[in-house]
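Architecture at a glance
Spelled out from the first residue to the last, the chains are:
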Amino acid sequence: MVENTLAEALDAVRPDLVVYNAGTDPFINDPLARYRLTKGDLAERDLLVVSMVREQAIPVAMVLSGGYSAESWQIHTDAIEDILVRFDTAS
């Protein structure tokens with residue numbers, strides 16, 4: 001769902017910058033979650049968004065927004081590590 005919707009939005013708007021709000025609210029252990037996503041699901045979502053935006057050579061700013069789980073910080077850490085591994089240009 002994210003992939004199709006994001007692709008359509010990028011094509012329609014053709015932004016100069018994407019500000020991505022990477023919330024952890026949908027996490028399964030979040031007391032207010034409706035979507036019940038795992039840590040892996042959220043990391044995959046974040047990597048997908050950043051990858052799709054970068055493939056179109058659009059700068060992206062990823063804003064780390066919360067949820068209400070004590071694990072939100074770890075979800076953000078894992079996502080950032082995955083993104084850095086994917087786009088490490090030092091190698």
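Residues numbered from 1 in each chain as written. Predicted model: local features only at pLDDT ≥ 70, side-chain atom pairs only at ≥ 80, totals over all residues. Heavy atoms only, no water.

With 12 residues, helix 1 (residues 2-13) extends 16 Å between its outermost C-alpha atoms, agreeing within 8% with the 16 Å of an ideal straight helix rising 1.5 Å per residue. Following helix 1 by one or two positions, Arg-14 adopts a phi angle in the positive range, close to 50°. (Helix = DSSP H or I, 4+ residues; strand = E, 2+ residues; numbered from the N terminus. Expected span 1.5 Å × (residues − 1).)

So, on to the packing of helix 2 (residues 39-55) against helix 3 (residues 72-87). Following both chains from N to C, one finds helix 2 and helix 3 inclined at 40°, their axes separated by 9 Å at the closest point. When the axis of helix 2 is compared with that of helix 3, the two are oblique. Handedness of the crossing formed by helix 2 with helix 3: right-handed. Only Gln-74, Ile-75, Ala-79, Asp-82, Ile-83, Arg-86 and Phe-87 of helix 3 make contact with helix 2, whose side of the interface consists of Lys-39, Leu-42, Ala-43, Asp-46, Leu-47, Val-50, Ser-51 and Arg-54. (Axes fitted to C-alpha atoms, helices over the stretch in contact; angles between N-to-C directions. Parallel < 35°, antiparallel > 145°, perpendicular 65-115°, else oblique. Left-handed = near helix turned anticlockwise from the far one by under 90°. Contact = heavy atoms within 4.5 Å.)

On to the pattern of salt bridges. Inspection of the entire model under this criterion finds 2 salt bridges. Among the ionic pairs, Lys-39 bridges to Glu-71, the shortest N-O distance being 3.1 Å. A residue pair is termed long-range when its members are at least 10 positions apart, and Lys-39 in helix 2 and Glu-71 in the loop between strand 2 (60-63) and helix 3 qualify at 32 residues. Judged by relative accessible area, which is 32%, Lys-39 ranks as partly exposed. Between Asp-46 and Arg-45 there is a salt bridge, and its shortest N-O distance comes to 2.9 Å. Here Asp-46 matches Arg-45 in class, with each residue buried. (Salt bridge = Lys/Arg side-chain N within 4 Å of Asp/Glu carboxyl O. Buried < 20%, exposed > 50% of the residue type's maximum accessible area, 1.4 Å probe, protein only.)

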